[in-house]
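Summary of structural features
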Amino acid sequence: MNIGDLTYAFSSQKSPIQKITSNFLTQKEIQLFIKRDDLIHAEISGNKWRKLKYNLIEAKKTNQSTLLTFGGAFSNHISAVAAAGAEFGFRTIGIIRGEQVLPLNPTLSFAKKCGMDLHFINRTLYRNKNKPDYQNRLKNQFGDFFLLPEGGTNCLALEGCSEIIQEVKNKHIDTDYYCVSCGTGGTISGIISGLNGEKKVLGFSALKGDFLTTEVFKLLNECVGKEFSNWEILTEYHFGGYAKWTPELINFINQLYEETTIPFDPIYTGKMLFGIYDLIRKDFFEKGSSLMVIHTGGLQGIQGFNNRFGNLIKT
Ligand SMILES: *Cc1c(COP(=O)(O)O)cnc(C)c1O
């Protein structure tokens, strides 16, 4: 695919905004909107589409035909890169953390079906993924490639995510808060940059710990060269850590699905929505507040989850 077609493919997709109504929200006087980035593309889902946009355009511009990236065995990013490679004509290499387990889980068998070369490395080696020495070794092994960092987060990714804001503005929906789930912090940084100091942004960390605040500061400094104070990372809604879960979380996701017919995944968006409803219950938001919740996708993860734990999440 040439660069014009690629740019068009990425620019023609806008995601719908949906308003959620319920007695609970009416009673709390909260307006809740969801930007359905999960609907952008069936396989290059949500924020991964946004983060890939300018990276893939850059790869085409610089005549790179191979994408190499990193991820865990259930990674939404790995899945999206594999699908993007198949759709837009890139060879893809996935460096996967941990030993290969056969049969491959749904994420990795999908990636393989898309043509991704999968290489498994142990966790110690995986920690070197950002080191130039290790990346040079990879170049010797695989030839030249365009490197996408783990989770797809870099300055080009922030640029893609910042476009969420213009899309919302074009629809003339003006909310007080933006809510988004966070892993590496790339998506929230793009949103903060797009808002340029307006509104308030809440990031719901899917991981334990408070490293994300530093990370987002770093990304904004490096990519935008500015400091903003209208954002906050909430670290109370990870349910024990990345990919950890409780029956309460699963019940909540299933209930919300019945109520809204919107699916949420148990790793990222389900935890964020749990957090949002908890905060509303506790009157964290002033009465009359309006929220724009970004549905970052990740629904491919539900199949892997249901495969491992029994079909707990309704689809
Ligand atoms: C990857 C992912 C995130 C995390 O995005 P970051 O930019 O790494 O913070 C959030 N939600 C979903 C569904 C994801 O797949």
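Position numbers for residues count from 1 along each chain, tracking the sequence in the order it is written. A pLDDT threshold of at least 70 governs which residues receive local features in this predicted model, and a stricter bar of 80 or more applies before side-chain atom pairs are shown or counted, although totals over entire chains, interfaces and linings include all residues. Excluding hydrogens and water, the side-chain figures rest on all heavy atoms present in the structure.

**Looking at the overall build of the protein chain**
How we decide: Helix and strand assignments follow DSSP, with helices taken as H or I runs no shorter than four residues and strands as E runs no shorter than two, numbered in order from the N terminus. Every radius of gyration here is taken over C-alpha atoms, with the globule rule written as 2.2 Å times N^0.38, N being the number of residues. Under the scheme applied here, a residue whose accessible area is under 20% of the maximum for its type counts as buried, over 50% as exposed, and between as partly exposed, the area being computed with a 1.4 Å probe on protein chains only. Note on definitions: a residue-residue contact is assigned when non-hydrogen atoms from the two residues lie within 4.5 Å. Working definition of accessibility: Shrake-Rupley area with a 1.4 Å probe, residue cover restricted to the visible protein chains.
Check the secondary structure of the protein chain and you find 13 helices and 10 strands. Relative to the compact-globule value of 20 Å for 315 residues, the protein chain shows a C-alpha radius of gyration of 19 Å, a close match. Each principal axis of the C-alpha distribution contributes one length, and for the protein chain these read about 60 × 45 × 35 Å. For the protein chain, buried positions account for 56% of its 315 residues. Here the analysis covers contacts within the protein chain between residues at least 6 apart in sequence; of these, 74% occur between residues at least 24 apart. Of the roughly 14,200 Å² of accessible surface on the protein chain, 47% is carried by carbon and sulfur atoms.

**Overview of the domain arrangement of the protein chain**
For clarity, the threshold we go by: Where each domain begins and ends follows an automated or database-derived domain assignment. Buried area is a sum: the accessible area each of two parts loses on coming together, probed at 1.4 Å, counted once for each and added.
When cut into domains, the protein chain gives domain 1 (14–42 + 162–309) and domain 2 (47–152). The distance between the C-alpha centroids of domain 1 and domain 2 comes to 25 Å. At the junction of the two partners, domain 1 supplies 20 residues and domain 2 supplies 15 residues. Both faces combined, the contact of domain 1 with domain 2 buries some 1,500 Å², and carbon together with sulfur accounts for 48% of it.

**Notes on the nonpolar core**
This is how it is decided: What makes a nonpolar core is a set of buried Ala, Val, Leu, Ile, Met, Phe, Trp, Tyr and Cys residues whose side-chain atoms join them at distances within 4.5 Å.
Grouped together as the largest cluster of nonpolar side chains are 32 residues, with contacts concentrated most on Phe204, Leu273 and Ile276. Here this core gets 7 residues from one element, more than from any other, and that element is helix α12 (residues 269–281). With residues near it in sequence (within four places) discarded, leucine 273 still touches Phe252, Leu256, Phe264 and Val293. Formed by 30 residues, the second largest nonpolar core is a distinct cluster that contains Leu52, Leu56, Ala59 and Leu108.

**Some points on unusual backbone geometry**
Between leucine 102 and the following residue, proline 103, the backbone shows a cis peptide bond with an omega angle of -5°. Here proline 103 is to be found in the loop between β4 (91–97) and α5 (106–113). Positive phi, close to 70°, is recorded for alanine 243, a residue that is not glycine. Looking at the secondary structure, you find alanine 243 in the loop between β9 (231–234) and α11 (247–260). Judged by its relative accessible area of 32%, alanine 243 falls in the partly exposed class.

**Looking at the site of the ligand**
Test applied: If a single non-hydrogen atom of a residue is within 4 Å of a molecule or strand, that residue counts as near it. In protein, a polar contact means a hydrogen-donor-capable atom and an acceptor-capable atom, both N or O and within 3.5 Å, with residues adjacent in sequence counting only if both atoms are side-chain atoms; elsewhere, any N or O pair within 3.5 Å suffices. Each residue is assigned to one of three groups, with Ala, Val, Leu, Ile, Met, Phe, Trp, Tyr, Cys and Pro labelled nonpolar, Asp, Glu, Lys and Arg labelled charged, and all others, Gly among them, labelled polar.
In the vicinity of the ligand lie 15 residues, with Lys48, Lys51, Thr184, Thr187 and Thr296 positioned nearest. Residue glycine 185 places a main-chain N or O atom 2.8 Å away from an oxygen atom belonging to the ligand. In the model, an oxygen atom of the ligand is placed 3.3 Å from a nitrogen or oxygen of the glycine 186 main chain. Expressed as a share of its isolated accessible area of 390 Å², the protein-covered part of the ligand is 98%. The residue makeup of the shell around the ligand, split by class, is 2 nonpolar, 11 polar and 2 charged. Inspection of the shell around the ligand shows a minimum of three residues originating in each of domain 1 (14–42 + 162–309) and domain 2 (47–152).

**Thoughts on the side chain of asparagine 55**
Looking at where asparagine 55 falls in the secondary structure, it is placed in helix α3 (residues 46–61). By relative accessible area, which is 0% here, asparagine 55 ends up buried. Beyond its immediate chain neighbours, meaning those up to four positions away, asparagine 55 contacts Phe146, Leu148, Gly152, Asn154, Leu156 and Ala157.

**Looking at the sheet that holds strand β2 (residues 31–36)**
Here is the rule we go by: A pair of strands is considered paired only if DSSP assigns at least 2 bridges between the two. What counts as an axis is a line fitted to C-alpha atoms, over the stretch in contact for a helix, and the angles between N-to-C directions run from 0 to 180 degrees.
Ordered in space as β1-β2-β10-β7-β8-β9, the 6 strands form an open sheet in which the pairing is mixed. Where the open sheet ends on each side, the last strands, each with one partner, are β1 (17–20) and β9. Neighbour-to-neighbour, the strand axes of this sheet turn through a mean angle of 25°, independent of strand direction. Bridge count between β1 and β2: 4 bridges; the pairing is antiparallel. When the sheet's bridge partners are listed, isoleucine 20 is paired in β2 with leucine 32.

**Re the environment of cysteine 179**
Position of cysteine 179 among the secondary structure elements: in strand β7 (residues 177–182). Judged by relative accessible area, cysteine 179 falls into the buried class, the value being 0%. For cysteine 179 and leucine 273, which are 94 residues apart along the polypeptide, the C-alpha to C-alpha distance reads 9.1 Å. Those residues within four positions of cysteine 179 in sequence are excluded, and the remaining contacts are Leu202, Phe204, Met272, Ile276, Leu291, Met292, Val293 and Ile294.

**What to know about the state of the cysteines**
Note the following rule: Cysteine sulfur atoms are paired as a disulfide whenever they come within 2.5 Å of each other.
Applying the stated criterion to the full structure yields 1 disulfide. Through a disulfide, cysteine 155 is tied to cysteine 223; the S-S separation comes to 2.0 Å. The sign of the S-S torsion, about -80°, decides the handedness of the disulfide formed by cysteine 155 and cysteine 223: left-handed. Of this pair, cysteine 155 sits in helix α8 (residues 155–170) while cysteine 223 sits in helix α10 (residues 211–223), placing them 68 residues apart in sequence.

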